[in-house]
Structures are given as structure tokens and as C-alpha cells.
Amino acid sequence: MVTHTPTNGHAGEQDVDLTSSALDHRIAEQAANGTNGANGHHANGHAAAPAELDASKLTIRRADPAARAVPDEATACSGNETICTDHMITCVWNVSTGWAAPELKPYGPLSLMPTASVLHYATECFEGLKAYRGFDGKLRLFRPDLNAKRMLMSTLRISLPGFDPKQVERLISTLVAVDGPKWLPADRPGSFLYLRPAMIGTQPQLGVQAPKEALLFITASFMPRMDSMPGGLKLHTSPEDMVRAWAGGFGYAKVGANYGPSLLATNEARARGFGQILWLYGPEGYCTEAGASNFFVVWRARDADGGKLQLVTAPLDDRLILDGVTRRSIVELARERLVGELEVVERKYTIDELLDADREGRLVEAFAAGTAYFICPVSLVHHRGKDVQIPLGKGDSGRYTAKIKGWMGDIMYGNEQHPWGIVASMD
């Protein structure tokens, strides 16, 4: 006789095998029950339910507005320290009590014990988005709902506490509304600030376990413009003995553990005059990401495959790459506005296919896309002793790269009124 013993240690709970994905299980639990138990911890049924994250409880302690002057963009981006705005938002979480009231307070250091979970077990995730000073004078965010939802997915992937994404979105908007008027003044249209929501495990106890304490914090800062490199971005394919992500891993989540291990190859490539790594995967050499950005190519399919002009990028279904907000927006805009002109294709493709397209004269252009690089033309891919020279058009940008970049920029900076451009407010 076969008996089934519950493995979760909670009497009365359904014994469910994780036959497919622990993350899917947690996301379903989050949707059904709120944040309670989102990181594997469950409140005692006789105690008050842990508090949910609630942006309406935000307390505000303002910095002295005259204490810090706003530097110009070039000066702010020239040093070895990221220059942040006057304020940040923090919110602490405890497994027993849940989320405390968020605080907007003067920007400054965080306090952590040396045994904090994040410092030993990489219990950390983050997001990246920007606030834009529009040419109409308004402060905007670009699809912040997608960043908030993706951050929830990342937190659950590494057993940090869940939250209602709308509450994080409201907190981000409030920080921009408070610091935007000073740090993105109306006389600087076309400028932006980089926004960094992050969550870390703070429980001061060694041991591989889901942390019972955590901290959410949000900062705003200057960031250099990275989308207009003279001569385009030059990529070097990844070393044969390195991969950025793997099937069944966490390449699709925005966790710090995705980035640190990539720096060795990136530094080697930069020492050789390249800007980033084009990460390949598997013995087939599938093209995945360009550094920390999504990678796109425009080529013409072979006549035997219809001969259509195609915009090609790696798929999301194998969870190897990040579901980038810029990537998603490019795909959606291209499908909507380039109908009959260009076919959008999300599929696996190899470096050999890229080399073949170049050799056969079918390669048209390529670009990297993400929050940091925005949409940056790629001019060269180096692979195992071979250089793929990708032509750049007028203004160091291919025709479709420039067209899509223009559409996106118009939405971000208010030249086009679009539902993706969200005006920042304290509501």
C-alpha cells in the first residue's frame, strides 16, 4: 500500500507535487491568497493576517530642498558613484507582521547586519525603468505596470515576499512626483531619470532558507545615455565555456545572480574593444541576449522560406531571456505599425543563421534593446575569428531601428499621446 505524506508540514493543506514549476505554484498561490505565504511562509491561522503592501499608508519626511544642488547630466554621469535624487522610498517586511507602512525619506545609507541573507545567498531582485520629462512639460513613466508585475515574478522566484504590483507602481509614481520637479526640471525636456526598485532579504541569520525579513526600496538617479554610440554597438559572442542562463534556471527573472557572473566575459570583451557580449546558448549557438539587453536582427528570409523581410528576436517560452518591457513594446508596435512591410518573428535562431544571412547578403540591420540601452544599433558581431559587419544608415542607425526608436521615444516624451505613457502623480 502506498501512502502519501504531506511534505509542506502544514496539516490540512492539500499535498501538491511540484510537477512543473515551483514558480507557477507560487504565482497561483499569490493570486488566490494575496501575499500571505508568497515566499513559502504561512501565517498562523489564529493570528492576524500579515499586512499587505499598501501605498496609501506612505509616510513622507522631506529632505531640505536647498541641501543639494542638481548637477548637469554630464557631470552627474562622469564619476564612479551613481548620483541619486533627494529622496528614496523604503518598506520593511516581516513574515509575522507582513508589510510595514512605506516611507518616503531623504536618500541615504541602508543598515544591514553582516549576516543578512542577501549578502550570502543572493536573495535580491530589482527592476529598472525611467521617468521622462516630456516636451509637453509632463513627467511620465513608460508602462510601469509591466515592471511592477515582473518584479513580483522575480521576488517569488527567489522566495522573497509577494505584493500587489499596483502598490509598487503607486510608490514609484509618488517618488517621481516628489523629486521630478527639481531633478527633471521643465526647462530640460527630453531628459530622464533612472528608477531602481529593489528588494533584498535582510534576515540576519546564516543558513540556506527563505528569509523571514526583507526590505523593498526605490531610488531615482542619473544614468548616462547609452543608445547613441558613434559607430554603433560592437558585440563579441560569448566564450564557449560560459552561458548567461540555462533552461530551468532564472534567466527570465531580474535577479542579481544573473549579472555578476557575466562580468568576467564582459570585461574581457571590452578590453578587446567590444561593447558587450552576445550570449549564445547550447551546442547549436542560439542567440539570446546582448549583454543585459534583448537582441533583434532584421533580415530577409531565404526565397525558399518566403523571402519576407523579418524582425527576429529570441522567444520567451523557454525562459532563457528576460521579458523586457522595451522588447515587448517593440514587438507590439512593429506588429501593429509595420503590417505588410515587415514580419515579426519570435523564435530560436543560431549564430550560424546570422553568419549565413550576412554571407548571402540578407542581413539588413540589428539592435540591442532595454531600459539602459533603449534601442541601440549594432554595427558588428565578432564570432570565433569572423566579423559580421552590419551596415548603419543615416545617423548611425538602420531604417527600422530608427523608425521603432522614434515611435517609442515619442510615447515616452509625450510627442504622441498613448496609453503606455503614464503621467506621474501622488494619487
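Keep in mind the model is a prediction, meaning the values are calculated, not measured.

*Asks:* Sorry, what's going on with the overall build of the chain here?
*Replies:* Across its full length, the chain carries 9 helices and 19 strands. In the chain, the share of contacts with a sequence separation of at least 24, taken over all contacts with a separation of at least 6, comes to 73%. Accessible area for the chain stands at about 19700 Å²; split by element, carbon and sulfur atoms hold 52% of it.

*Asks:* Would you take a moment to explain the packing of helix α4 (residues 144-157) against helix α5 (residues 165-183) for this structure?
*Replies:* Helix packing geometry: the angle between the two helix axes and the distance between the axes. Put simply, α4 and α5 touch, their axes get as near as 8 Å, and they point 125° apart. As summarised for this structure, α4 and α5 are arranged oblique, according to the angle between their axes. Between α4 and α5 lies a crossing whose hand is right-handed. Where α4 abuts α5, its residues Pro-144, Asp-145, Ala-148, Lys-149 and Leu-152 lie against Pro-165, Val-168 and Glu-169. Counted by class, the contact of α4 with α5 contains 5 nonpolar, no polar and 3 charged residues.

*Asks:* Teacher, can you tell me more about the pattern of salt bridges here?
*Replies:* Side-chain pairing between opposite charges can occur once the charged atoms of the two side chains come close. Applying the stated rule across the entire model yields 22 salt bridges. Within the structure, one salt-bridge network assembled from shared partners comprises Arg-302, Asp-356, Arg-359, Glu-360 and Arg-362.

*Asks:* Help me out: how do you make sense of the UniProt feature "modified residue: N6-(pyridoxal phosphate)lysine" (unreviewed entry) in the chain in this one?
*Replies:* UniProt marks Lys-254 with the feature "modified residue: N6-(pyridoxal phosphate)lysine" (unreviewed entry), using the numbering shown here. Looking at where Lys-254 falls in the secondary structure, it is placed in the loop between β10 (233-237) and α6 (263-271). Excluding anything up to four places from it in sequence, Lys-254 contacts Cys-125, Phe-126, Glu-127, Gly-128, Arg-150, Ser-154, Tyr-259 and Leu-322.

*Asks:* Help me understand helix α7 (residues 325-337), please; the structure alone is not making it clear to me.
*Replies:* Residue pairs spaced three or four apart in an α-helix point in one direction, given the helix's 3.6 residues per turn. Helix length check: α7, at 13 residues, gives a terminal C-alpha distance of 18 Å against a target of 18 Å (1.5 Å per residue), a fit within 8%. Listed as buried for α7 are Val-325, Thr-326, Arg-327, Ser-329, Ile-330, Val-331, Leu-333 and Ala-334.

*Asks:* Mind showing me how you'd approach helix α9 (residues 399-412) here?
*Replies:* Its 14 residues place the ends of α9 20 Å apart at the C-alpha level, agreeing with the 20 Å of an ideal helix rising 1.5 Å per residue. Among all positions of α9, only Tyr-400, Thr-401, Ile-404, Lys-405, Trp-407, Met-408, Gly-409, Ile-411 and Met-412 are buried. Following α9 by one or two positions, Gly-414 adopts a phi angle in the positive range, close to 80°.

*Asks:* What's the story with the side chain of Thr-202 in this structure? I'm lost.
*Replies:* For Thr-202, the position within the fold is in the loop between β8 (192-201) and β9 (213-221). Only 3.3 Å separates the side chain of Thr-202 from the backbone nitrogen of Ala-214, close enough to count as a polar contact. In this structure Thr-202 touches Leu-112, Ala-116, Ser-117, Glu-213, Ala-214 and Leu-215, once residues within four positions along its chain are discounted.

*Asks:* What am I meant to see in unusual backbone geometry here?
*Replies:* Peptide bonds are trans in most cases, and residues, glycine excluded, mostly fall at negative phi. If you check the backbone angles, Ala-122 has positive phi at about 55° while not being a glycine. One can find Ala-122 in the loop between α3 (117-121) and β5 (124-126). With a phi angle near 55°, Phe-374 is a residue other than glycine that sits in the positive phi range. Mapped onto the fold, Phe-374 is located in strand β17 (residues 374-383). On the basis of relative accessible area, Phe-374 is assigned to the buried category, the value being 13%.

*Asks:* Teacher, can you tell me more about the environment of Leu-278 here?
*Replies:* Take Leu-278: it is sitting in strand β11 (residues 276-281). For the pair Leu-278 and His-383, spaced 105 residues apart in sequence, the C-alpha separation works out to 9.2 Å. Those residues in contact with Leu-278, other than ones at most four positions away along the chain, are Leu-235, His-236, Thr-237, Ser-238, Cys-287, Glu-289, Ala-290, Phe-295, Ile-351 and Val-381.

*Asks:* I would appreciate a short explanation of the confidence of the model for the chain in the present structure.
*Replies:* When pLDDT drops low, the exact placement of atoms in the prediction is not to be read closely. On average, residues of the chain score 91 in pLDDT, and 90% of them are at 70 or above. With pLDDT under 50 throughout, residues 1-13 is counted as low confidence; its partners more than four residues away or in other chains account for 8 contacts.

*Asks:* In this structure, what is going on with the pairing of β10? I would like to understand it.
*Replies:* Residues in a regular strand point their side chains to alternate faces of the sheet. A large share of β10 lies buried, amounting to 4 of its 5 residues. Direction of pairing for β10 relative to β11: parallel, over a ladder of 3 bridges. When the sheet's bridge partners are listed, Leu-235 is paired in β11 with Gln-276. Traced from β10 through α6 to β11, the parallel crossover comes out right-handed.

*Asks:* Even after reading the chapter, I still don't get the nonpolar core, so can you show me in this structure?
*Replies:* The tendency in soluble globular proteins is for nonpolar side chains to be buried side by side. Counting 43 residues, the largest nonpolar core has Leu-53, Trp-99, Phe-163, Leu-171, Leu-195 and Leu-216 as the members making the most contacts within it. Contributions of two or more residues to this core are made by β2 (87-94), β6 (129-133), β7 (139-142), α4, α5, β8 and β9. Ranked by residues supplied to this core, first place goes to α5 with 7 residues. In this view, Leu-216 contacts Leu-53, Ile-89, Thr-90, Cys-91, Trp-99, Met-151, Val-168, Leu-171, Ala-198 and Met-199; residues no more than four positions away in its chain are not counted. Residues Tyr-132, Leu-146, Met-223 and Ile-411 belong to the second largest nonpolar core, which totals 30 residues.

*Asks:* Please clarify how the side chain of Lys-105 should be interpreted in this entry.
*Replies:* On the secondary structure map, Lys-105 appears in strand β4 (residues 103-106). Buried within the structure, Lys-105 lacks any salt-bridge partner; its nearest side chain of opposite charge belongs to Glu-103, at an N-O separation of 4.1 Å. Setting aside its immediate chain neighbours within four residues, Lys-105 contacts Arg-61, Asp-86, His-87, Met-88 and Thr-90.

*Asks:* What exactly am I supposed to notice about the packing of aromatic side chains here?
*Replies:* The relative placement of two aromatic rings is captured by the distance of their centres and the angle of their planes. Under the definition given, this model contains 8 aromatic pairs. Through a chain of ring-to-ring contacts, three or more aromatic side chains come together here, namely Tyr-132, Phe-135 and Tyr-413. Cation over ring: Lys-130 sits above Phe-192, and NZ or CZ is 4.1 Å from the ring centre. A cation over a ring is seen here: Arg-337 above Trp-407, with NZ or CZ 5.4 Å from the ring centre.

Parameters at a glance
Residues numbered from 1 in each chain as written. Predicted model: local features only at pLDDT ≥ 70, side-chain atom pairs only at ≥ 80, totals over all residues. Heavy atoms only, no water. Helix = DSSP H or I, 4+ residues; strand = E, 2+ residues; numbered from the N terminus. Contact = heavy atoms within 4.5 Å. Areas by Shrake-Rupley, 256 points an atom, 1.4 Å probe, with all protein chains shown as cover. Axes fitted to C-alpha atoms, helices over the stretch in contact; angles between N-to-C directions. Parallel < 35°, antiparallel > 145°, perpendicular 65-115°, else oblique. Left-handed = near helix turned anticlockwise from the far one by under 90°. Nonpolar A, V, L, I, M, F, W, Y, C, P; charged D, E, K, R; others polar. Salt bridge = Lys/Arg side-chain N within 4 Å of Asp/Glu carboxyl O. UniProt positions renumbered as here; feature names shortened; annotations may be inferred. Expected span 1.5 Å × (residues − 1). Buried < 20%, exposed > 50% of the residue type's maximum accessible area, 1.4 Å probe, protein only. Polar contact = N/O pair within 3.5 Å; in protein donor to acceptor, adjacent residues only side chain to side chain. pLDDT = per-residue confidence, 0-100. Pairing = 2+ DSSP bridges. Right-handed = clockwise from strand over helix to strand, strands pointing away. Core = buried A, V, L, I, M, F, W, Y, C linked by side-chain atoms within 4.5 Å. Lys, Arg positive; Asp, Glu negative; His and termini not counted. Phe/Tyr/Trp six-rings, centres within 6.5 Å; stacked < 30°, edge-to-face > 60°. Lys NZ or Arg CZ within 6 Å of the ring centre and 35° of its normal.

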